[in-house]
Amino acid sequence: MTLYDTIDSPLGELLLVGDGHALTALRMGAAPAPGWRRDPDRFHEAAEQLRAYFAGDLRDFEIPLAPHGTPFQQRVWAALREIPYGTTISYAELAATVGRPGAARAVGAANGRNPVAVVIPCHRVIGASGTLTGYGGGLDRKRLLLDLEAGIAPLGIAPLA
């Protein structure tokens, strides 16, 4: 059975999805699917860690994760979790990290399919020129997350509309 809960955040409402043991997805502005069961108790720790992250008090998540994806996607998502808080890398650097230099587009596609945004920090990947490029939650949210990690986003910021 798929379980879910929602929490308010500076990014707007977040939908937490899981299997009862691990977080399988974190979606922005999404609704639960028919048949899913709300179970806030199963997401208490994830919600607390997300709140601490948005308050600037947490840098590394310790939430059990079980995102669904191909072996290549899993490799990319694991590499994303190794990008230090407050830093960014390019798609080309990420491609080299996963042993696929020259595969920046494939890495970008895997990055874009990250089902557990924020916790698996796909927002830390930017264009080679240092520009913000694609983010499933929108570039405003990506900028907000990067500013938060850089210590320049004010705490208690209002959610994006």
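Please refer to the structure higher up on the page.
All of these numbers come straight from a predicted model, not from anything done at the bench.

What counts, and at which threshold
Residues numbered from 1 in each chain as written. Predicted model: local features only at pLDDT ≥ 70, side-chain atom pairs only at ≥ 80, totals over all residues. Heavy atoms only, no water. Axes fitted to C-alpha atoms, helices over the stretch in contact; angles between N-to-C directions. Helix = DSSP H or I, 4+ residues; strand = E, 2+ residues; numbered from the N terminus. Parallel < 35°, antiparallel > 145°, perpendicular 65-115°, else oblique. Contact = heavy atoms within 4.5 Å. Nonpolar A, V, L, I, M, F, W, Y, C, P; charged D, E, K, R; others polar. Buried < 20%, exposed > 50% of the residue type's maximum accessible area, 1.4 Å probe, protein only. Pairing = 2+ DSSP bridges. Salt bridge = Lys/Arg side-chain N within 4 Å of Asp/Glu carboxyl O.

Enquirer: Could you give an account of the packing of helix 2 (residues 71-80) against helix 4 (residues 104-112), with specific residues and numbers?
Expert: Interhelical geometry of helix 2 versus helix 4 gives an angle of 80 degrees and a closest axis separation of 9 Å. Here helix 4 runs roughly perpendicular to helix 2, going by the angle between their axes. Taking contact as the criterion, the partners of Phe72, Gln73, Val76, Trp77 and Leu80 in helix 2 are, on helix 4, Ala106, Val107, Ala110 and Asn111. Of the residues that constitute the contact of helix 2 with helix 4, the class distribution is 7 nonpolar, 2 polar and no charged.

Enquirer: Could you give an account of the pairing of strand 1 (residues 3-7), with specific residues and numbers?
Expert: Strand 1 sits mainly inside the fold: 5 of its 5 residues count as buried. Pairing of strand 1 with strand 2 (residues 14-18), which is carried by 5 bridges, proceeds in the antiparallel orientation. Across the sheet, Asp5 pairs through a bridge with Leu16, a residue of strand 2. Taking the residues that link successive antiparallel strands as the turn, the strand 1-strand 2 hairpin has 6 residues, and the phi of Gly12 there is positive, at about 105 degrees.

Enquirer: Residues and numbers for the pairing of strand 3 (residues 23-28), please.
Expert: Counted residue by residue, strand 3 has 5 buried out of 6 residues, so it is predominantly covered. Examined bridge by bridge, strand 2 and strand 3 share 5 bridges and lie antiparallel to one another. Counterpart to Leu14 in the pairing with strand 3 is Met28. Counting the residues that bridge the hairpin from strand 2 to strand 3 gives 4 residues, and of these Gly20 lies at a positive phi of roughly 100 degrees.

Enquirer: Could you give an account of the pattern of salt bridges, with specific residues and numbers?
Expert: Tallying each qualifying case throughout the model produces 6 salt bridges. Ionic pairing is found between Arg37 and Asp39, a salt bridge with its closest N-O pair at 3.2 Å. Given the relative accessible area of 40%, Arg37 is considered partly exposed. When salt bridges with common partners are traced through the structure, they connect Arg37, Asp39 and Arg42 into a single cluster.

Enquirer: Any chance you could break down the environment of Ala95 for me, citing the residues and the numbers?
Expert: Following the sequence through the fold, Ala95 ends up in helix 3 (residues 91-97). With a relative accessible area of 0%, Ala95 lands in the buried category. As for Ala95 and Ala106, which are separated by 11 residues in sequence, their C-alpha atoms are 8.2 Å apart. What Ala95 contacts, discounting residues up to four positions off in sequence, is Arg100, Pro101, Ala103, Ala104 and Val107.

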